[in-house]
Number of protein chains: 2
Amino acid sequence: MPRLALLAAALFACCAHAAPKETRIPAPALEAAAQLRERALADATAWQVTESLTTEIGPRLAGSEADARAVAWAQAKFRELGFDKVWTEPVTFPKWERRAESAQVLGPHAQPLAVTALGGSPGGTVEGEVVRFADLAALEAAPEGSLAGKIAFVDYRMEAARDGRGYGPGGAVRSRGPSLAIRKGAAGFLMRSAGTDSHRLPHTGITRFDEGLEPVPSAALANPDADQLARLLERGPVRVRLALDCGWDGTYTSYNVIGEITGRSRPQEVVLLGAHLDSWDLGTGAVDDAAGIGITMAAAHLIRQMPRRPARSIRVVAYANEEQGLLGGRAYAERHAGEAARHVLAAESDFGAGRVYAFNTGAPEHARKATEQIAQALAPLGIEYAPGEGGPGPDIGPLAARGVTWAWLAQDGSDYFHLHHTADDTLDKVDPEALAQNGAAWAVFAWLAAEAEGDFGSHVATPAR
Amino acid sequence: MPRLALLAAALFACCAHAAPKETRIPAPALEAAAQLRERALADATAWQVTESLTTEIGPRLAGSEADARAVAWAQAKFRELGFDKVWTEPVTFPKWERRAESAQVLGPHAQPLAVTALGGSPGGTVEGEVVRFADLAALEAAPEGSLAGKIAFVDYRMEAARDGRGYGPGGAVRSRGPSLAIRKGAAGFLMRSAGTDSHRLPHTGITRFDEGLEPVPSAALANPDADQLARLLERGPVRVRLALDCGWDGTYTSYNVIGEITGRSRPQEVVLLGAHLDSWDLGTGAVDDAAGIGITMAAAHLIRQMPRRPARSIRVVAYANEEQGLLGGRAYAERHAGEAARHVLAAESDFGAGRVYAFNTGAPEHARKATEQIAQALAPLGIEYAPGEGGPGPDIGPLAARGVTWAWLAQDGSDYFHLHHTADDTLDKVDPEALAQNGAAWAVFAWLAAEAEGDFGSHVATPAR
């Protein structure tokens, strides 16, 4: 064993075995949290911010003209809310555009179908016989070449659940389906929307084509249209024309927009609250994710109004282009790769506008007590401590992979996938009282994390590749 | 007083004062009705017919290619269901087409708005400042010429109710709004949809422009988009571009499709059950009015299967082009103008697929007992007798004006205007059990009306002009 390795092993043994001091939250901070919680419940900031973003900017597809307006909006809103520092960090990505989309059943049952292109789909018009598969496994089992010239239709129905667990298999159809269909020879791909509603508003979302494959037009049918196509297929062969005008067009530079409330005693240490600024283009991105922007901006703003600054800084990151692959979250993690230990806890609000019902952190044992203390402070909001559950939000994932400890404020997502990535994701679906409960939960969490004496286990790590 | 008038007066006095024999339903017919009711509740015909029409034909705008397919479908379905006679009667009308439609907010808050052209709107692109009016009265109060070059926006919000009473003022915005706006100088017309949902699916429906006015592009905004436009207007002036590609294009001849179960003893007398075969183009016309077609076809089919034919004939009329002005209903009434007395009772099912909750007829006093007897037979279905309430369905109006007595089976319309005239009017919104309850109610009603000894007051009358 070379000396350097020996040294490293010794250091590791030292650090792994040393029992870190237990992290605790001092009593005065807990008392202040109770006041903060009540004040936040009566505060309309989260609603006002959500209303402002969805109304004034509306849909803000990454790379669109509205993306730039949203970046300017976020900077102005941070300033208006009294954040001490406001800055931007560039995020560059390929730009995808949707221009037009339609689908028709041809022949004796001719009729239109409500479809939307999957993000990343190429444009093009395909006309072919539809072959239905109950799920991804059935498509996977189709013989090679069996779909030559045909349109694959994966008719998997996503299930609604408070914790959104149905999105795993539902989203997998979108991410893996097109490439699987291409491998079988398909000229086009249709899927039942990864959504739990029954409206004629299909759910978009990003897809990826495996390297080496020639992408084909790929779209989601609204649930009633998937029902209709399935009924027609029970009657005999069905030909469909799918016409998409969309595609990739160069690169674009957007920005993570960051606002910070400077801490009083350990300003270099930050509690990071994230949400994403971009949205899909079909709706105004109210539950995905203007609500998250409203909740996190409001939480920091409420803390800013307290008689005394938090010990640590509260940093709110409005991430660029989450929807097309966590581009903002990845960029932030790379840029701040060496600063993991300074990011005491990080969390993202990106699961709609439903009430928070559970809390946890990914902190190690020495910070369990502090996690419990935060959970106790959240309990009057109807939030339960959920040890062993949760994980980082999407844009926090890249940070967590680099060693930053995550916190998890679980929102009730029972209705989230009624709206997610559809034209129906608009402000009228947001309940101002639920939003205030979220704002209160995030304010209390962030305040206590910023006041904790001791850390939550964040450390610089090398992400697995 | 000329002699002819004297004679008429004498005749009127004679007929008005003679006490007609009380109409009664014989006990065996009532016993058979109880069996019919139970059999109908377990029968899936109404559902199957509704499924077939919405799936195989889909949207069937009057005058479209699908209109002709629907006419052929209806004839085939009547035959398949064992109707004794099936025939068509031509209905000619101007043809209106929708090709494309869009609207955008312009300027610093640029974003699309979900709109749909009102039926009858001309095509064209208008761009102008939006002037909001809370309701029709506010628009009416605007000074002449005050809307020159502008787009009027009537932001009236329709209220949901079981009996659909909110549609009176809601529908009036659609029928009267455009002409009112033109009189004030408007270049375009926008309205909050006459609908009670909050989805991005605007409600279409026919409008009329007063004679002598130059029609302007007229469209309805989805409710969330009307909310959005109102919020933007609170912030300052808003310019919108409304682009409609639609309009009138020649005339078209469709058909009322009629099926009849021949009565055993008075086959020339008919109980008329109506529904309309056409639909708007946005949805598949499931609740408006495939459900009515399913309910009335099923009711007659169930009667056809009874051990003994009804005394009178049961006639089901699948009306052409109800949506653009009761064209089929008017044509039927004119063609059968001299036969009012032979139409013992007439009713239309055209208020969705909700359960029937009330029953009444427009019969005079001598048929009150028979009306009550029908109501008693309907009571086990959760249907109450509602004396003094109700009226003829839309396509029955022209017949009623000519002296035919109407019957009324009131459906629960609490959700009807969530779907009415939108893309969301699809089969998944229909509850098979509620549809079977409707089928049972209509079968029982039609059977008893056909078995009644005595009339319900139908007589040849001259409609008021």
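Definitions and limits used
- Residues numbered from 1 in each chain as written.
- Chains lettered and ligands numbered in written order.
- Predicted model: local features only at pLDDT ≥ 70, side-chain atom pairs only at ≥ 80, totals over all residues.
- Heavy atoms only, no water.
- UniProt positions renumbered as here; feature names shortened; annotations may be inferred.
- Buried < 20%, exposed > 50% of the residue type's maximum accessible area, 1.4 Å probe, protein only.
- Helix = DSSP H or I, 4+ residues; strand = E, 2+ residues; numbered from the N terminus.
- Contact = heavy atoms within 4.5 Å.
- Phe/Tyr/Trp six-rings, centres within 6.5 Å; stacked < 30°, edge-to-face > 60°.
- Polar contact = N/O pair within 3.5 Å; in protein donor to acceptor, adjacent residues only side chain to side chain.
- Pairing = 2+ DSSP bridges.
- Axes fitted to C-alpha atoms, helices over the stretch in contact; angles between N-to-C directions.
- Expected span 1.5 Å × (residues − 1).
- Arc of directions from axis to C-beta.
- Right-handed = clockwise from strand over helix to strand, strands pointing away.
- Salt bridge = Lys/Arg side-chain N within 4 Å of Asp/Glu carboxyl O.
- pLDDT = per-residue confidence, 0-100.
- Least-squares fit on C-alpha atoms with pLDDT ≥ 70 in both.
- Buried area = accessible area lost by both parts, 1.4 Å probe.
- Nonpolar A, V, L, I, M, F, W, Y, C, P; charged D, E, K, R; others polar.
- Domains from an automatic or database assignment.
- Parallel < 35°, antiparallel > 145°, perpendicular 65-115°, else oblique.
- Left-handed = near helix turned anticlockwise from the far one by under 90°.
- Lys, Arg positive; Asp, Glu negative; His and termini not counted.

Per an unreviewed UniProt entry, chain A goes by the name Carboxypeptidase Q and belongs to Pseudoxanthomonas taiwanensis. According to UniProt, the comment filed for chain A under the heading Subunit (unreviewed entry) is "Homodimer. The monomeric form is inactive while the homodimer is active."

Let us look at helix H10 (residues 368–378) of chain A. Among all positions in H10 of chain A, only Ala370, Thr371, Gln373, Ile374, Ala375, Ala377 and Leu378 of chain A are buried. Taken together, the buried residues of H10 of chain A touch helix H2 (27–41), strand S12 (356–361), strand S13 (384–385) and helix H13 (432–451) of chain A.

On to the packing of aromatic side chains. Residue and element names in this part refer to chain A. Applying the stated rule across the entire model yields 20 aromatic pairs over all chains. When the centroid spacing of 4.7 Å and the interplanar angle of 50° are considered together, the rings of Phe351 and Tyr416 count as tilted. Of the two residues, Phe351 is situated in the loop between strand S11 (343–348) and S12 and Tyr416 in helix H12 (residues 416–419); the sequence distance between them amounts to 65 residues. An identical accessibility class is assigned to Phe351 and Tyr416; each is buried. Pairing Trp442 with Phe445 gives two aromatic rings, centres 5.8 Å apart and planes at 85°, and the pair type is edge-to-face. Of this pair, Trp442 and Phe445 both sit in helix H13, separated by 3 residues, roughly a single helical turn.

Turning our attention to the environment of His366 of chain A. Residue and element names in this part refer to chain A. Locating His366 in the fold gives a position in the loop between S12 and H10. On the basis of relative accessibility, which here comes to 13%, the residue His366 falls in the buried class. With 89 residues separating them in the primary sequence, His366 and Asp455 have C-alpha atoms 8.5 Å apart. Residues contacting His366, with those up to four places away along its chain left out, are Pro20, Lys21, Glu22, Thr23, Asp455 and Gly457. A polar contact is formed between the side chain of His366 and the side chain of Asp455, at a distance of 2.9 Å.

Here we take up the sheet that holds strand S12 (residues 356–361) of chain B. Residues and elements named next belong to chain B. An order of S13-S12-S14 is seen for the 3 strands of this open sheet, with the pairing classed as mixed. Both outer strands of the open sheet, strand S13 (384–385) and strand S14 (407–411), are each paired with one neighbouring strand and no more. Looking at chain direction, S12 and S13 are connected through 2 bridges and run parallel. Among the inter-strand pairings, Phe359 is bridged to a residue of S13, identified as Tyr385. Sheet contacts for helix H10 (residues 368–378): S12 and S13; angle to S12, the most-contacted strand, approximately 165°.

Quick look at helix H2 (residues 27–41) of chain B now. Each full turn of the α-helix corresponds to 3.6 residues, which orients residues three or four apart in the same direction. All names here are of chain B. Between its first and last C-alpha, H2 extends 22 Å over 15 residues, near the 21 Å set by a 1.5 Å rise per residue. Listed as buried for H2 are Ala29, Ala32, Ala33, Leu36, Arg37 and Ala40. Here the buried residues of H2 occupy an arc of 150° about the axis, which is enough to place them on one side. Every exposed residue of H2 that faces more than 90 degrees away from the buried side is listed here: Pro28, Glu31 and Gln35. As for H2, its buried residues are in contact with helix H8 (286–304), H10 and helix H13 (432–451).

Further remarks concern the pairing of strand S9 (residues 266–276) of chain B. Residues and elements named next belong to chain B. Bridge count for S9 against strand S10 (residues 312–319) is 8 bridges, and the pairing is parallel. Bridge assignment links Leu273 to a residue of S10, and that residue is Val316. On the question of chirality, the crossover connecting S9 to the parallel S10 by way of H8 is right-handed.

We now examine the pattern of salt bridges. Between side chains of opposite charge, a pair can form when the charged atoms approach closely. Counted by the stated rule, this structure contains 68 salt bridges over all chains. Across the pair Arg304 of chain B and Asp84 of chain B runs a salt bridge, and its minimum N-O distance is 3.5 Å. Residue Arg304 of chain B is located in helix H8, and its partner Asp84 of chain B is located in the loop between helix H4 (65–80) and strand S1 (85–105); the two are separated by 220 residues in the primary sequence. Look at Arg304 of chain B and you get partly exposed, because its relative accessible area is 28%. Judged by relative accessible area, which is 32%, Asp84 of chain B ranks as partly exposed. A single salt-bridge network, built from bridges that share partners, covers Arg132, Asp155, Arg157, Arg192 and Asp227 of chain A.

Right, let's get into the confidence of the model for chain A. Of all residues in chain A, 96% have pLDDT values of 70 or greater, and the mean over the chain is 95. Counting contacts from residues 1–16 of chain A, a segment whose pLDDT is below 50, to residues more than four positions away or on other chains yields 3 contacts.

The next subject is the relation of the copies chain B and chain A. Turning one copy of the chain about an axis and sliding it along that axis gives the other copy, so a rotation and a shift relate them. Its rotation angle being 180°, the transformation that places chain B on chain A also includes 0.0 Å of axial translation and leaves an RMSD of 0.0 Å. Each copy turns onto its partner about a two-fold axis. A share of 100% of the interface residues of chain B reappears at the interface of chain A, consistent with the copies meeting face to face through the same patch.

At the junction of the two partners, chain B supplies 33 residues and chain A supplies 33 residues. A combined buried area of about 2400 Å² lies between chain B and chain A, and 45% of that area is made up of carbon and sulfur atoms. Taken as a group, Thr55, Arg200 and Arg235 of chain B account for 23% of the area that chain B buries against chain A, more than any other trio of residues on that side. For the interface between chain B and chain A, the tally reads 4 salt bridges. For the salt bridge of Glu56 of chain A with Arg235 of chain B, the shortest nitrogen-to-oxygen distance reads 2.8 Å. Elements represented by at least two residues in the side of chain B that touches chain A include exactly helix H3 (45–57), strand S2 (111–113) and helix H7 (223–235) of chain B. Looking at side-chain class alone, the side of chain B that touches chain A contains 11 nonpolar, 12 polar and 10 charged residues.

In this section: the environment of Asp428 of chain B. All names here are of chain B. For Asp428, the location among the structural elements is in the loop between helix H12 (416–419) and H13. For Asp428, a relative accessible area of 28% gives the class partly exposed. Distance in space between the C-alpha atoms of Asp428 and Leu229 is 30 Å, their sequence separation being 199 residues. For Asp428, the side chain forms a polar contact with the side chain of Thr426, separated by 2.6 Å.

Residues and elements named next belong to chain A. Partitioning chain A into domains gives domain 1 (22–84 + 262–451) and domain 2 (99–249). The C-alpha-based centres of domain 1 and domain 2 are spaced at 34 Å. Contacts between the two partners involve 20 residues from domain 1 and, on the opposite side, 24 residues from domain 2. Both faces considered, domain 1 and domain 2 share a buried interface measuring about 1600 Å² in area, 60% of it formed by carbon and sulfur atoms. The tally of links from domain 1 across to domain 2 stands at 0 salt bridges. Our count for the domain 1 to domain 2 interface comes out at 6 residue pairs in polar contact (both at pLDDT 80 or more). Among the elements that take part in the side of domain 1 that touches domain 2, H12 stands out by supplying 3 residues, more than any other.

What follows deals with the packing of H10 of chain B against H13 of chain B. All names here are of chain B. Where H10 contacts H13, the axes come no closer than 10 Å and their chain directions differ by 150°. Between H10 and H13, the interaxial angle falls into the category roughly antiparallel. For the crossing formed where H10 meets H13, the hand is right-handed. Side by side, H10 and H13 meet where Gln373, Ile374, Ala377 and Leu378 of the first sit next to Ala441, Val444, Phe445, Leu448 and Ala449 of the second. Residue composition of the contact of H10 with H13, by class: 8 nonpolar, 1 polar and no charged.

Moving on, we come to the sheet that holds strand S14 (residues 407–411) of chain A. Pairing in this open sheet of 3 strands is mixed, and the strands run S13-S12-S14 (chain A) from one edge to the other. Single-partner strands in this sheet number two, and they are S13 and S14 of chain A.

Residues and elements named next belong to chain A. Within the secondary structure, Glu323 is located in the loop between strand S10 (312–319) and helix H9 (327–335). Buried within the structure, Glu323 lacks any salt-bridge partner; Arg174 is the closest side chain of opposite charge, at an N-O distance of 6.5 Å. Looking at Glu323, its side chain comes within polar contact range of the side chain of Trp280, at 3.0 Å. Polar contacts involving the side chain of Glu323 include one to the side chain of His421, which spans 3.1 Å. With sequence-adjacent residues up to four places away left out, Glu323 is seen in contact with Ile206, His276, Asp278, Ser279, Trp280, Asp288 and His421.

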